[in-house]
Amino acid sequence: MFTIKVYYSKFMVNSKDVAILLETLQESSSLESLQNNFQALCEHFFIEYFAFATFHYNLQTGVHFNIFDTYPNGWIKYYQDNNYQLHDPVFKLLYSAYEPYVWGSKKITDLIPMQKKLLSEAYDHGIKFGTTIPMVFSPYERDFLTILNQATLHPDVVYILVQAIQVYKERQQTLYIQQTALNLTHREWEIMQFKALGLKVKTIAGKLNLNEGTVLFHLKNIKDKMKEPSLENALYQFGVVSR
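In this text the structure is predicted, and so the values were computed from the model without any measurement.

Peer 1: So, unusual backbone geometry: which residues are in play, and what are the values?
Peer 2: Within the chain, Asn 73 stands out as a residue other than glycine whose phi angle is a positive 65°. Looking at the element boundaries, Asn 73 is found in the loop between strand E2 (62–69) and helix H3 (75–81). The phi dihedral of Asn 209 falls on the positive side, at around 55°, and the residue is not glycine. Considering the arrangement of structural elements, one finds Asn 209 in the loop between helix H8 (201–208) and helix H9 (212–225).

This is how it looks when you write it as structure tokens:
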């Protein structure tokens, strides 16, 4: 049971309503309902457009970027297609920060040409200003919640959003474990465990007395079952599941 006692600058927050929203988030039965419930919590605070971004750092598979958003005009797809997450000046500014940051194209200085291009194109898509809240939950992940078109967020609302992100991530991991455990066979789990250790296909084949073609076939099936665009993404998610 969540206990919330907060006040918002424009109206008093009903602590029971917020507690119910957090409990609903915690009890989400699927990844889709989890996202819908998080969106409903944001809408409770009149937050229409947001993006929850995660950078995961792995020595074996590199940096992986995931994002859940309600941004308008197809901006996030364009953003990812151009790998702008690698150059985003807001993320770079907040890498070691712990306080919410209000950003806008006129407030960020010392930009390289790629960053200027990014901000100019964001402006053309209606992405003009917002508040980004850095989250620190683990040494191998960096999370950021960005609220679009919001320059002021009451500290109590920020506190609730941070709580909501914690609940969201914990529930997401549980649901992903349930989904993956049901989908992967014992052999596929074995192969992914070896692959997550950085072993090559030839080595895995030797350990399991399989030919390399069979291992490659299993890896493709695993990627498809996990609905990931690449084996690297599947390995990252497998690491989330198995740690």
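Peer 1: Account for the packing of helix H7 (residues 186–196) against H9, naming residues and giving values.
Peer 2: Interaxial distance between H7 and H9 falls to 10 Å at its minimum, and their mutual angle equals 95°. Judged on the interaxial angle alone, H9 and H7 are roughly perpendicular. The residues of H9 that touch H7, namely those facing Arg 187, Glu 188, Ile 191, Met 192 and Lys 195, are Val 215, His 218, Leu 219, Asn 221, Ile 222 and Lys 225. Partitioning the contact of H7 with H9 into residue classes produces 5 nonpolar, 2 polar and 4 charged.

Peer 1: So, the nonpolar core: which residues are in play, and what are the values?
Peer 2: Membership of the largest hydrophobic core comes to 27 residues, with the highest contact counts inside it found for Phe 38, Phe 50, Leu 145 and Leu 161. Secondary structure elements with two or more residues in this core: helix H1 (15–26), helix H2 (31–44), strand E1 (50–58), strand E4 (129–138), strand E5 (141–148) and helix H6 (155–183). In terms of residue count, H6 provides more of this core than any other element does, 9 residues in total. With sequence-adjacent residues up to four places away left out, Leu 161 is seen in contact with Leu 41, Cys 42, Ile 47, Ile 133, Leu 145 and Ile 147.

Peer 1: Please provide a residue-by-residue account of the pattern of salt bridges, values included.
Peer 2: Across all of its chains, the model carries 8 salt bridges by this definition. Across the pair Asp 143 and Lys 169 runs a salt bridge, and its minimum N-O distance is 3.5 Å. Of this pair, Asp 143 sits in strand E5 while Lys 169 sits in helix H6, and the two are 26 residues apart along the sequence. Lys 169 matches Asp 143 in its accessibility class, with the two residues each being buried. The network of salt bridges with common partners includes Glu 141, Asp 143 and Lys 169.

Peer 1: Give a description of the packing of aromatic side chains that names residues and reports values.
Peer 2: Taken as a whole and judged by the stated rule, the model has 17 aromatic pairs. With a centroid separation of 5.9 Å and an interplanar angle of 5°, the aromatic rings of Phe 68 and Tyr 168 are classed as stacked. In this pair, Phe 68 is assigned in strand E2 and Tyr 168 in helix H6, connecting sequence segments 100 residues apart. When sorted by exposure, Phe 68 lands in the same class as Tyr 168, which is buried. When the centroid spacing of 6.3 Å and the interplanar angle of 65° are considered together, the rings of Tyr 78 and Tyr 84 count as edge-to-face.

Criteria and thresholds
- Residues numbered from 1 in each chain as written.
- Predicted model: local features only at pLDDT ≥ 70, side-chain atom pairs only at ≥ 80, totals over all residues.
- Heavy atoms only, no water.
- Helix = DSSP H or I, 4+ residues; strand = E, 2+ residues; numbered from the N terminus.
- Axes fitted to C-alpha atoms, helices over the stretch in contact; angles between N-to-C directions.
- Parallel < 35°, antiparallel > 145°, perpendicular 65-115°, else oblique.
- Contact = heavy atoms within 4.5 Å.
- Nonpolar A, V, L, I, M, F, W, Y, C, P; charged D, E, K, R; others polar.
- Core = buried A, V, L, I, M, F, W, Y, C linked by side-chain atoms within 4.5 Å.
- Buried < 20%, exposed > 50% of the residue type's maximum accessible area, 1.4 Å probe, protein only.
- Salt bridge = Lys/Arg side-chain N within 4 Å of Asp/Glu carboxyl O.
- Phe/Tyr/Trp six-rings, centres within 6.5 Å; stacked < 30°, edge-to-face > 60°.

Remember that the coordinates give geometry; whether it matters functionally is a separate question.
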